[in-house]
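These are the residues of each chain, in order.
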Amino acid sequence: MATTATLVQQKLDQAVEILNEQDVDLWLTYVRETMLTNDPCLDLIAGVYSAWTGAFLVSATGERIAIVGRFDVPSVEQTGAFEVTGYDESIRPVLTETVERLAPRSIALNYSASDAAADGLTHGLWLELQSTFEGTPFAERFQSSEAIVGALRGRKSAEEVARIRAAARETEEIFEVVTQALAPDLSELGIAELMHAEVARRGLGYAWGRDHCPAVDAGPEKAVGHSPPGPLRTRRGELLHVDFGVSREHYCSDLQRMWYFLDEGESAAPEDVRHAFDAVWAAMDAGVDVLRPGAAGWEVDAAARAALVAAGYPEPMHALGHQLGRSAHDGGTTLGPRWDRYGKSPFGIVEEGNVFTVEYGTAVPERGYIGLEEDLLVTADGVEWLSTPQRELWLVR
């Protein structure tokens, strides 16, 4: 198992390749007080905290330079990933001197209008950079690093894939614990507490905020979304939906699972529930059939969306899938519709090595919500499931 420092080195090597591929001379990630405003990419390329203003530069020639405050120097040096220069009174002179020496024709900065994973530069730091380079030719050479970051986060190494797979397996094991404990009249909060106890016992983290990880939706009364579990209780003749993910060795899973509580006299789920479950899977499979290197994100979503609507269900008001990695929502290409809220991300091109979720759902009147989500890797000629797909609805007797 590679160390975090090794992963950082691997991603920096990959970044140099991407800069040359995209004909960008310099990538500058500009940060400060990262406990408050952490850049989404800093953990990926450095794995350190920067208290004072810091500049992390990667050039197409292979140079990796970190310019940080005096007291941040030791931690950055320990990574072994950068040539480190410290400063005391101001970062501006050494930053200007370094950029002048490198003489880049283009400088990619950590901002993006479409990709949150590439948008760590605050407005204040943007103004500071403009002021620093005012009167130099470099002030006109800034551009977004979104394409660089999208490729870097999206092209998962074998080690990154192994960590995501391990996180998915931990998640599935916790779902198995839940299945053994389920019975009618359990509260959403009680189910969440059981899962929290398992996360703690296994020494894991959460793929998103603990208050709504897991999201637990019992029956038809819950408004499904990014909301915390509440007092609603499981009941016979109704569905239970859980959305949950863990963080293991800094990489995440993101899965949704379904149970139906058999009513008195039932030996199988009723037709309306079975039909909805099968329709959601058919839609997801339709999208997965299109999920190949070279496909646009919106094309994958469109295939799934059309299948679910053709089966008689409402159009989903969310994307089919998102990338998965160090974050549950890992930026880059989205398997989503060409809606304004997704910006340019649905127009991104799927690449080998991308890891996506695929997730769709629909409400079943008087029963609850059916939502399914799996994690998968894009391969040269298709996909590899990193989770074990829930092809059958789980029944609680």
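Refer to the preceding data block for the structure.
Conventions and cut-offs
- Position labels on residues start from 1 in each chain and follow its written sequence.
- Per-residue local features are limited, in this predicted model, to residues with pLDDT of at least 70; the limit for side-chain atom pairs, both in listing and counting, is 80 or more; totals at the level of whole chains, interfaces and linings are taken over all residues.
- To get the side-chain values, take all heavy atoms of the structure and skip hydrogens and water.
- Helix and strand assignments follow DSSP, with helices taken as H or I runs no shorter than four residues and strands as E runs no shorter than two, numbered in order from the N terminus.
- Any pair of residues with heavy atoms lying within 4.5 Å of one another is described as a contacting pair.
- Residue-level accessible areas treat just the shown protein chains as cover; the underlying method is Shrake-Rupley with a 1.4 Å probe.
- Working convention for charge: Lys and Arg count positive, Asp and Glu count negative, and His plus the chain ends are omitted.
- One atom stands in for each charge, and that atom is NZ of Lys, CZ of Arg, CG of Asp or CD of Glu.
- For each residue, the accessible area found with a 1.4 Å probe, counting protein chains only, is set against the maximum for its type, and the residue is called buried under 20%, exposed over 50%, and partly exposed in between.
- Should DSSP find at least two bridges between two strands, the strands are taken to pair.
- For helices, the axis comes from a line fit to the C-alpha atoms of the stretch in contact; other axes are also lines fit to C-alpha atoms, and the angle between any two N-to-C directions lies between 0 and 180 degrees.
- If an angle is under 35 degrees, it is roughly parallel; if it is over 145, roughly antiparallel; if it lies from 65 to 115, roughly perpendicular; otherwise it is oblique.
- Each residue is assigned to one of three groups, with Ala, Val, Leu, Ile, Met, Phe, Trp, Tyr, Cys and Pro labelled nonpolar, Asp, Glu, Lys and Arg labelled charged, and all others, Gly among them, labelled polar.
- By convention a nonpolar core is built from buried Ala, Val, Leu, Ile, Met, Phe, Trp, Tyr and Cys residues, the set being connected through side-chain atoms within 4.5 Å.
- Helix crossings are classified by the rotation of the near helix relative to the far one: an anticlockwise turn of less than a right angle makes the crossing left-handed, while a clockwise turn makes it right-handed.
- What makes a salt bridge here is a side-chain nitrogen of Lys or Arg within 4 Å of a carboxyl oxygen of Asp or Glu, nothing more.

**Here we look at the overall build of the protein chain**
Moving on, step 1. In terms of helices and strands, the protein chain carries ten helices and 16 strands.
Moving on, step 2. Dimensions of the protein chain, computed from C-alpha atoms along their principal axes, come out at roughly 80 × 40 × 35 Å.
Moving on, step 3. Taking the contacts inside the protein chain whose residues are at least 6 apart along the sequence as the reference set, 67% of them involve residues at least 24 apart.
Moving on, step 4. Of the roughly 16,500 Å² that the protein chain leaves accessible, carbon and sulfur atoms contribute 51%.
Moving on, step 5. Both charge centroids of the protein chain, one from 33 positive and one from 62 negative side chains, sit 2 Å from each other.

**Some details on the pairing of strand β1 (residues 26–31)**
Moving on, step 1. Burial of β1 is extensive: six of the six residues sit out of reach of the surface.
Moving on, step 2. Across the two faces of β1 the burial is the same, with Leu26, Leu28 and Tyr30 and Trp27, Thr29 and Val31 all buried.
Moving on, step 3. Relative to strand β5 (residues 107–109), β1 is paired through three bridges, and the arrangement is parallel. Bridge pairing links Leu26 to Ile107 in β5.
Moving on, step 4. In terms of strand pairing, β1 meets strand β2 (residues 54–59) through six bridges, oriented antiparallel. Among the inter-strand pairings, Val31 is bridged to a residue of β2, identified as Gly54.

**A short note on the packing of helix α1 (residues 4–21) against helix α7 (residues 158–181)**
Moving on, step 1. For the pair α1 and α7, the least separation of the axes is 10 Å and the interaxial angle reads 130 degrees. Between α1 and α7, the interaxial angle falls into the category oblique. When α1 is examined against α7, the residues Thr4, Leu7 and Lys11 are found in contact with a partner set consisting of Glu159, Glu160 and Arg163.
Moving on, step 2. Classifying every residue of the contact of α1 with α7 gives one nonpolar, one polar and four charged.

**Re the side chain of Glu238**
Moving on, step 1. In this fold, Glu238 is placed in the loop between β8 (215–218) and β9 (239–244).
Moving on, step 2. In this view, Glu238 contacts Gly219, Pro220, Trp259, Tyr260, Phe261, Glu366 and Arg367; residues no more than four positions away in its chain are not counted.

**Points about the nonpolar core**
Moving on, step 1. Ranked by size, the top nonpolar core spans 64 residues in total, and within it Trp27, Phe56, Phe82, Leu240, Phe244 and Trp259 carry the most contacts.
Moving on, step 2. For this core, the leading source of residues is α1, giving seven residues.
Moving on, step 3. Here Trp27 is in contact with Ala15, Leu19, Cys41, Ile45, Phe56, Leu57, Val58, Ala108, Ser145, Ile148, Val149 and Leu152, once residues within four sequence places are set aside.
Moving on, step 4. Among the nonpolar cores identified, the runner-up in size contains 32 residues, and Ala269, Val273, Trp281 and Tyr313 belong to it.

**A short note on the sheet that holds strand β11 (residues 251–252)**
Moving on, step 1. Taken together, three strands build an open sheet; the order of strands is β7-β10-β11 and the sheet is antiparallel. Where the open sheet ends on each side, the last strands, each with one partner, are β7 (205–206) and β11.
Moving on, step 2. Of the strand pairs in this sheet, β7 and strand β10 (residues 246–248) are connected by two bridges, and their pairing is antiparallel. Looking at the pairing, Gly205 lines up with Ser247 of β10.

**What about the sheet that holds strand β6 (residues 142–144)?**
Moving on, step 1. Reading across the sheet, the six strands line up as β4-β3-β2-β1-β5-β6 and stay open at both edges, with mixed pairing between neighbours. Whereas interior strands pair on both sides, the edge strands pair on one side only; in this sheet they are β4 (83–87) and β6. Each strand of the sheet is rotated relative to its neighbour by a mean of 25 degrees, with strand direction disregarded.
Moving on, step 2. Running at roughly 60 degrees to β2, α1 makes contact with β1, β2 and β3 (64–69) of the sheet.
Moving on, step 3. Sitting on the sheet, helix α4 (residues 92–102) touches β1, β2, β3, β4 and β5, and the angle it makes with β3 is about 170 degrees.

**Brief notes about the packing of helix α9 (residues 271–290) against helix α10 (residues 297–310)**
Moving on, step 1. Axis separation between α9 and α10 bottoms out at 7 Å; the angle between their running directions is 155 degrees. As far as their axial angle goes, α10 and α9 are roughly antiparallel. Handedness of the α9/α10 crossing: right-handed. Contact with α9, carried on its side by Ala279, Val280, Ala282, Ala283, Ala286, Gly287 and Val290, involves Glu299, Val300, Ala303, Ala304, Ala307 and Leu308 of α10 and no other residues of that element.

**A word on the environment of Glu128**
Moving on, step 1. You can see Glu128 is positioned in helix α5 (residues 123–132).
Moving on, step 2. With relative accessibility at 15%, the residue Glu128 sits in the buried group.
Moving on, step 3. Along the backbone, Glu128 and Leu324 are 196 residues apart, and their C-alpha atoms lie at a distance of 33 Å.
Moving on, step 4. In this view, Glu128 contacts Tyr30, Arg32, Thr53, Ile91 and Arg92; residues no more than four positions away in its chain are not counted.

**A closer look at the pattern of salt bridges**
Pairing of side chains with opposite charge becomes possible as their charged atoms draw close.
Moving on, step 1. As enumerated under the stated definition, the model contains 35 salt bridges in all.
Moving on, step 2. Between Glu198 and Arg202 there is a salt bridge whose closest N-O contact spans 3.0 Å. With Glu198 and Arg202 both in helix α8 (residues 188–202) and four residues apart, this pair spans about one turn of that helix.
Moving on, step 3. A relative accessible area of 10% means that Glu198 is categorised as buried.
Moving on, step 4. Notably, a salt bridge pairs Arg257 with Glu374, separated by 3.0 Å at the nearest N-O pair. In this pair, Arg257 sits in strand β12 (residues 255–261) while Glu374 sits in strand β14 (residues 368–378), placing the two residues 117 residues apart along the sequence.
Moving on, step 5. Assessed through its relative accessible area of 0%, Glu374 is described here as buried.

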